[in-house]
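# Descriptive analysis of the structure
Okay, here's what each chain looks like letter by letter:
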2 protein chains.
Amino acid sequence: MFNSREKSRRPLQRSAFVRPSPQRAAPSWNVNILPAETPVVNANARLYQYEKTTKEQFDKIENVLREISAMQHERNFVDLAQRFAKTQLGFSLPEPLLTNHWIKPVDIGQLYAWCVFETFINMSDEFFNLQPLAMEDESSFQKFIQECGFHTLDVSPCADGRLAHIVSYVLRLPYKSVRRKSYAGAMFDVEDSLQKWVETEMLRHREGKPNQASEPTRYLKIAAYHFSSVAPEHEGCAAHGSDEVRAAEEAKNQLLAFRQGVENSFCCGASIDLLLIGVDTDTDSIRVHVPDALGNFDVENYIDTLSLYRRGGAGKLNQGDYRLGENLRDVILAQVGSSPADGMLRLIARLIAGNLQQIEYVKQYHGGSYYDIGHQERFIGMGIGFEEIQLRNLTFFSYLKTVEEGAKDLDVGVKIFSGLNIQRGLPIPVIIRFDYHGEVPGAKARAELRCQQLNQALRQRYEDIVKRGYMHTLLMVRDCSMDVKAEVIGCSVTVNKEELH
Amino acid sequence: MFNSREKSRRPLQRSAFVRPSPQRAAPSWNVNILPAETPVVNANARLYQYEKTTKEQFDKIENVLREISAMQHERNFVDLAQRFAKTQLGFSLPEPLLTNHWIKPVDIGQLYAWCVFETFINMSDEFFNLQPLAMEDESSFQKFIQECGFHTLDVSPCADGRLAHIVSYVLRLPYKSVRRKSYAGAMFDVEDSLQKWVETEMLRHREGKPNQASEPTRYLKIAAYHFSSVAPEHEGCAAHGSDEVRAAEEAKNQLLAFRQGVENSFCCGASIDLLLIGVDTDTDSIRVHVPDALGNFDVENYIDTLSLYRRGGAGKLNQGDYRLGENLRDVILAQVGSSPADGMLRLIARLIAGNLQQIEYVKQYHGGSYYDIGHQERFIGMGIGFEEIQLRNLTFFSYLKTVEEGAKDLDVGVKIFSGLNIQRGLPIPVIIRFDYHGEVPGAKARAELRCQQLNQALRQRYEDIVKRGYMHTLLMVRDCSMDVKAEVIGCSVTVNKEELH
C-alpha cells in the first residue's frame, strides 16, 4: 500500500510521481511561514470585527421582532415597525407581511425567516463584493504549498456549524485556495474525492494548473473530526456519539480508503498524502496526527496545540518566534518522535502557527472558550457552494447533490434546529444553494432546476414540519467560475403566492 | 465555437489538440470496415439465436404461471407445480410460495416477480460467463476508431427499452468498447458527460490509455433519439410527445451544450466530436445526421439507411459490397453534399454497414418491422451498470444515482408498466443495480448501501403501488473493474420476511 512512498526513499529512482527527496526540495525554514501581518494582534482584530458584526446582524433579528410583535396593536403599526426595522436591522420588512395586523396577528415565523434570509443575502453580497476575509493571494499560497510538496489542499470537516470556520479561522488558510466539502462526522464521499483527484491530475497534465504534472507534488486530503474539551460526552460529534476516538478512527479509515482507492485505480505510483486533524470546538485548538516519513499516522499519537500554547506558545507567538519555522519544527520533532517528510512538516508548522493565533483569538475575544460550546447555528445551508460561509456556528452545512444522498446529514441538522428553533416556535431557515460553471451552456438553468428539485425533496422529507409552518427555504445559485455574488431564485416566504425575496 | 475545428484546416499549425488532416491520417478505404464474419447471415443467425432464447425465457413465465394457477386445487399441487416449472422454465419455484395453496390462493404476483428475477439472474450470469454477444476484441475496435480520429465512443440513447440493443444490434458495435448511458429522450446529463471527458483525458495524459494524449484523436459523443415509422404519432419518443423533430432538436442542443462546455471549460483547443443519430424503433433503421468538415450538422439533413437498403442495399450487403468502404463512402458523399472529416466518414460508413445488417436481420426474423412496435419491456432496470442488457424491448432502463435525480425517467417507466402489467394485475419487476470499482476500499459496501437507498426512495415515491403489491424489487451489485457476474443482495419477494432470492 505504501509502495510508492517507499520508493521515495531511493532518490536515484526519482520519477514524476515520487515524492521529492528532502535534499532537493528542502524548504528554507528561516523564512516566515505565515503571511506578513505584524503584529499577530492585527489579524485577530480584523477577523473578530468581521465575526462580530456579521453575527450581530443575525442576533438582532429576534429582539427586533419581539419589539415589533409588541407594537402590532398601535394605530400606525406599519410605519413604526418599518422605521424600527430599518434603524435596527438596516432594512425594511416586506409590507404585505405587516398590513393585516389589525385582522390577525403578524406572522412572526415568516418575518423571522425572511429576516434571516435578508441578512444572509446582505452578508453574502458583501462577502463577494468586499472580500472581508481575503488573505495572501492565491499564487503565493500555491507557491508555499508546492514548496511543501503539495499542489492541492482538500479539507473535509464535519458538517457541524462549529467547524465552518476551519479554513479561514482555525487553520488561517486562504479559503479560495482550499477545497472544502463538509460531511456529518467528516465521513467524506470517497468516490467524490476520487473524482476531484482525477480532475486535478487532468488539469496538471493538460494545462499545467496549478503546476505541471512532472512536478513532484501530491494531492493532500485533510479530514477534520471534532471533540469538546469542556463537555466531551455531550458536545462532541453527534455523528459519532460524542466519542472522540471513534470520530478520529472513522475519519482515519475514510482517508486510508481514499488513498488506497487512488493507488489501486491508477498506475505509475499514483498516490496522495493524508492528514488527520481533530478540532476542539470549545477552544478551537487542534490535534495534528503527524504522519511519519511513510505517511503512516495513528489516532493516539498527535500534537495538541492547546498544550503547546499553554507551554508558552502565547509569548512566543507575540514575540514572533513561532513565525520562524525552525523553532516550531524542533518542537514538533521533539514531540512526535518520528520524522515526517520535510514538506509535510513545514505545512504542519504553518497550520500549528496559524492555529496558535486562533487560540489567542479565542482567548482574547471569547474568554479562552466559546460561550456557545453547543449548537447555535442560525440556519441550515444545503447543496453545493457557500464559499462565503467562513464563520463558526452560523450554519449547519450539508454538501449534497440530492436530499436522498444527504438525508442522514440533513436529519442531524433538522434535529439540531428542532431544539434551537421549533421548540420555541420559530421556523428553521434553510438556504438551498447550487453553484454552477457558467461557461457550460445551460448550466445555470440546470442549477436552478437542481435547487427546485432539492427544495421539493426537502419539503417531502420534512412534510410534517413544513405543514406546521416550521420550515422556510431560500433558493440561490451562483456562477462559481466568476468572482460574482450569488443570485436569489426563489423563497418560500410568500403573500398571495408572491415570493418576498 | 468551432475555433479549434477551424484551426484544423491549417495543417501547418497542427498540435496535439488539432484534428488530423486527411492527408496524414487517411485511413485505407479498401479494407473491410466490419469484422470478418462471412457471410453476414451468420452474424444475424447468432444474434437472433441469443435474442430468441433469452426472450422466450421471459415470455414463458406467464403461461407457466397460468397453468400452475389452474392446478392449485390438485392434491399433489406442490410437486406438480415444481415439476412443471422445472421442465418449462428450467428452475423450481420457492416452495414457501406454494405450500399454503390449500388455505389461500397462491400469490401469482409474487411468483411472477420471482420468476422474472430468476430468469434475469440466469441471463445475467450467462452473459458474463459465456459472453454470447462478444464481437471483435477491444483492441482491434480501438485501433479502428483511433484510425478514424477518435479515442472514446460515448452513446446516450433514450431510456426506452426499444433502444436497449442499439450498441450490439442496431449499430453492431462491441458493447465493451462503447460507453452507454441512457436517459429519457436521450437528454443526457451534460455535467456527467463532462466528468467522463475529464476522466478520459486524464487517463490518456497520465497512463496513455486508450492512447497517448499527444495522438490527434477526440472524444466522440453520440446521441440517439428515436421515432416510429409505422405509428409516428403514437409510438415515438414519449419524452418528446412522439414528435421526431423535437426529439432530434433537443438531442442536438444537448450535444452542442456538451461540446461548448468542453471548449469553454478547458484551454488549448479542447473540443469533442458529435454525432446525432435517429433510430426507427419499428425497423431498426437509422438516420445519420452527417456532420460537415467543421462538425456542424442539422436536424433536417440526414442519411436514411432504410432507403439505402431499399435501393439495393440488401443485395450489395449479401454480395459483400457494403463491406468495402469505398463504395459506401461514395454513396454517403453523394447524399450529404458536404464532406465530413475523412475519419468521421469512415466511422459513419461502418455504422451504416452495420445497420444495414440489422435491417436485414429485422426483415429476416421479424418480417421487416417488429410485431411489438410499442412497449413490451419485461422489467425496469435502474441504477448504474447493466452491461448485460443488450436486447430490444426487454428493459426500460434508467441511468441514475438517486431516484430524486432520475424521478422523471422513472415516472415514464412506471407509467409504461402500469399499462403493461398493473392493469392486468401483475406487479412491476424492478431490478436495482449499482456497479462499483472493487479496487477502491469500501466501494462494495457503499454500492450495497446505494442499492438499499434507491430501493427505499423508489418505494417511497411509488408508495401506493407498493402497498397494493404491484411493485417488486431485486437488488444487485457488480464489480465492474473485474470480468465477473453480478451479485444479488436483496429481494422484496419474501415469506415471513425471509428473502427468496
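Sequence positions are assigned chain by chain, starting from 1 and proceeding in written order. Chains carry letters from A onward and ligands carry numbers from 1 onward, assigned in written order. Totals for whole chains, interfaces and linings use all residues, but because this is a predicted model, local features are given only for residues with pLDDT of at least 70 and pairs of side-chain atoms are given and counted only at 80 or more. For side-chain calculations, the full set of non-hydrogen atoms in the structure is used, while hydrogens and water are omitted.

## Topic: the relation of the copies chain B and chain A
Applicable threshold: Superposition of the copies was done by least squares, using only C-alpha atoms of residues whose pLDDT is at least 70 in both. Between two residues, a contact is recorded if the distance between any of their heavy atoms is within 4.5 Å.
When chain B is fitted onto chain A, the two copies agree to an RMSD of 0.0 Å after a turn of 180° and an axial shift of 0.0 Å. Both chain copies can therefore be described as sitting about a two-fold axis. Among all residues of chain B, the minimum C-alpha distance to the rotation axis is found for M202 of chain B, at 2.2 Å. Comparing interface residues between copies, 100% of those in chain B also lie at the interface in chain A; the contact surface is shared.

## Here we look at unusual backbone geometry
Residue and element names in this part refer to chain A. What counts here: Working definition: helices are DSSP H or I runs of at least four residues, strands are E runs of at least two. Numbering for both runs from the N terminus. For every residue, the accessible area obtained with a 1.4 Å probe (protein chains only) is divided by the maximum for its type, and the residue is called buried under 20%, exposed over 50%, and partly exposed between those limits.
Omega for the bond connecting K209 with P210 falls within 30 degrees of zero, at -5°, which places this linkage in the cis form. Although it is not a glycine, Q131 sits at a positive phi angle of roughly 50°. Along the polypeptide, Q131 turns up in the loop between α5 (108-130) and α6 (138-147). Overall, Q131 belongs to the partly exposed group, its relative accessible area being 25%.

## Some words on the packing of aromatic side chains
Residues and elements named next belong to chain A. Condition: Whether two aromatic rings pair depends on their centres lying within 6.5 Å, for rings of Phe, Tyr and Trp, where Trp uses its six-membered ring; planes under 30 degrees apart make the pair stacked, over 60 edge-to-face, and the rest tilted.
Here the structure, examined in full by the defined rule, presents 34 aromatic pairs over all chains. Judged by centre distance (6.2 Å) and plane angle (70°), the ring pair of Y48 and Y361 falls under edge-to-face. Residue Y48 is located in helix α3 (residues 40-70), and its partner Y361 is located in helix α12 (residues 342-366); the two are separated by 313 residues in the primary sequence. Residue classification places Y361 among the buried residues on the basis of a relative accessible area of 0%. Summarising the aromatic geometry, the rings of F127 and Y175 are spaced 5.0 Å apart at their centres and angled 50° between planes, so their arrangement reads as tilted. Separated by 48 residues along the polypeptide, F127 in helix α5 and Y175 in the loop between α7 (166-170) and β2 (178-180) bring together distant segments of the chain. There is no split in this pair, since F127 and Y175 are both buried. Connected via pairs of aromatic rings, a cluster forms that spans F58, F120, F379, F386 and F397.

## Considerations on the packing of helix α8 (residues 190-207) of chain A against helix α8 (residues 190-207) of chain B
Heads up, the condition is: All axes are obtained by fitting lines to C-alpha atoms, using only the stretch in contact for helices, and the reported angles, taken between N-to-C directions, cover 0 to 180 degrees. When describing relative orientation, an angle under 35 degrees is termed roughly parallel and one over 145 degrees roughly antiparallel, while 65 to 115 degrees is termed roughly perpendicular and anything else oblique. By convention the crossing between two helices is left-handed if the near helix lies anticlockwise of the far one by an angle smaller than a right angle, and right-handed if it lies clockwise.
For the pair α8 of chain A and α8 of chain B, the least separation of the axes is 8 Å and the interaxial angle reads 55°. By the angle class used here, α8 of chain A and α8 of chain B are oblique. With respect to the hand of their crossing, α8 of chain A and α8 of chain B are arranged in left-handed fashion. Touching Q195, W197, V198, E199, E201, M202, H205 and R206 of chain A of α8 of chain A are Q195, W197, V198, E199, E201, M202, H205 and R206 of chain B, all from α8 of chain B.

## Describing the state of the cysteines
Defined as follows: The definition used for a disulfide is geometric: two cysteine sulfur atoms within 2.5 Å.
Tallying each qualifying case throughout the model produces two disulfides over all chains. The disulfide partner of C267 of chain A is C268 of chain A, and the gap between their sulfur atoms is 2.3 Å.

## A word on the sheet that holds strand β9 (residues 428-436) of chain A
Residues and elements named next belong to chain A. Let me state the cut-off plainly: Whether two strands pair comes down to DSSP finding at least two bridges between them.
The strand order across the open sheet formed by five strands is β8-β7-β9-β10-β11, and the pairing between neighbours is mixed. Only two strands of the sheet have a single neighbouring strand rather than two, namely β8 (395-399) and β11 (487-491). The sheet shows a mean angle of 20° between the axes of neighbouring strands, taken without regard to direction. Pairing between strand β7 (residues 379-384) and β9: five bridges, direction parallel. Bridge pairing links I380 to V430 in β9. Where α5 meets the sheet, its contacts fall on β7, β9, β10 (471-479) and β11, and the angle it forms with β10 comes to roughly 20°. Helix α13 (residues 403-420) rests against β7, β8, β9 and β10 of the sheet, and its axis sits at about 170° to β8.

## Regarding the domain arrangement of chain A
Many authors give the size of an interface as the accessible area that is lost as the parts come together. Residues and elements named next belong to chain A. As a reminder of what qualifies: Those domain boundaries reflect an automatic or database domain assignment. By buried area we mean the combined loss of accessible area, with a 1.4 Å probe, across both parts when two parts are placed together. A pairing counts as a salt bridge when a side-chain nitrogen of Lys or Arg comes within 4 Å of a carboxyl oxygen of Asp or Glu.
Here chain A is described as being made up of domain 1 (3-30 + 137-366) and domain 2 (377-499). Every contact between the two is made by 20 residues of domain 1 and, on the other side, 16 residues of domain 2. Carbon and sulfur atoms supply 48% of the area that domain 1 and domain 2 bury against each other, a total of about 1600 Å² over both sides. Its largest share of buried area at the contact with domain 2, domain 1 owes to A159, G161 and R180, together 25% of the area lost on that side. Counting every contact that joins domain 1 to domain 2 gives one salt bridge. K176 is paired through a salt bridge with D483; the nearest N and O atoms lie 3.0 Å apart.

## Describing the sheet that holds strand β6 (residues 303-304) of chain B
Residue and element names in this part refer to chain B. Strand order in the open sheet formed by six strands is β2-β1-β3-β4-β5-β6, and the pairing between neighbours is mixed. The open sheet terminates on both sides in strands that have one partner only, identified here as β2 (178-180) and β6. Direction of pairing for strand β3 (residues 218-227) relative to strand β4 (residues 273-280): parallel, over a ladder of eight bridges. Looking across to β4, one finds that H226 is bridged to V279. Strands β1 (150-157), β2 and β3 of the sheet are contacted by α8, whose axis makes an angle of about 150° with β3.

## Some details on the side chain of D160 of chain A
Mapped onto the elements, D160 of chain A comes out in the loop between β1 (150-157) and α7. By relative accessible area, which is 4% here, D160 of chain A ends up buried.

## Some thoughts on the environment of L47 of chain B
Residue and element names in this part refer to chain B. Here L47 lies in helix α3 (residues 40-70). For L47, a relative accessible area of 6% translates into the label buried. Along the sequence, L47 and L391 sit 344 residues apart, while their C-alpha atoms lie 9.7 Å from each other. Those residues in contact with L47 that lie beyond four places of it in its chain are L133, S168, Y169, R172 and Y361.

## Some remarks on the interface of chain B and chain A
Selection criterion: Any pair of N or O atoms that falls within 3.5 Å is considered a polar contact. Within protein, one atom must be able to donate a hydrogen and the other to accept it, and sequence-neighbouring residues count only if both atoms are side-chain atoms.
Every contact between the two is made by 38 residues of chain B and, on the other side, 38 residues of chain A. Both sides together, the interface formed by chain B and chain A hides about 3300 Å², and carbon and sulfur atoms give 55% of it. When the buried area of chain B at its contact with chain A is split by residue, M202, R206 and E404 of chain B rank highest and sum to 23% of it. Across the chain B-chain A interface, the total number found is four salt bridges. Put simply, E191 of chain B and R446 of chain A hold a salt bridge, and the shortest N to O gap is 2.8 Å. Scanning the region where chain B abuts chain A turns up 14 residue pairs in polar contact (both at pLDDT 80 or more). For the side of chain B that touches chain A, the secondary structure elements donating two or more residues are α8, α9 (244-265), α13 (403-420) and α14 (443-461) of chain B. When residues in the side of chain B that touches chain A are grouped by element, the largest group, 13 residues, is from α8 of chain B.

## Quick notes on the pairing of β1 of chain A
Residue and element names in this part refer to chain A. Taking burial as the measure, the eight residues of β1 include eight buried ones, the bulk of the element. Bridge count for β1 against strand β3 (residues 218-227) is seven bridges, and the pairing is parallel. Counterpart to L153 in the pairing with β3 is L220. The sheet contact formed by β1 and β2 spans three bridges and is parallel. Its bridge partner lying in β2, V155 is registered against R180.

## Things to note about α6 of chain A
All names here are of chain A. The condition is simple: In this description, the arc belongs to the directions extending from the helix axis to the C-beta atoms.
Those residues of α6 lying buried are F141, Q142, F144 and I145. Projection of α6 onto a plane perpendicular to its axis shows the buried side chains occupying an angular sector of 160°, all on one side. Summarising the geometry of α6, the exposed residues directed more than 90 degrees from the buried face are S139 and K143. Summarising the contacts, the buried residues of α6 are in contact with β1, β2 and α12. Directly beyond the C-terminal end of α6, a positive phi value near 100° is found at G149.

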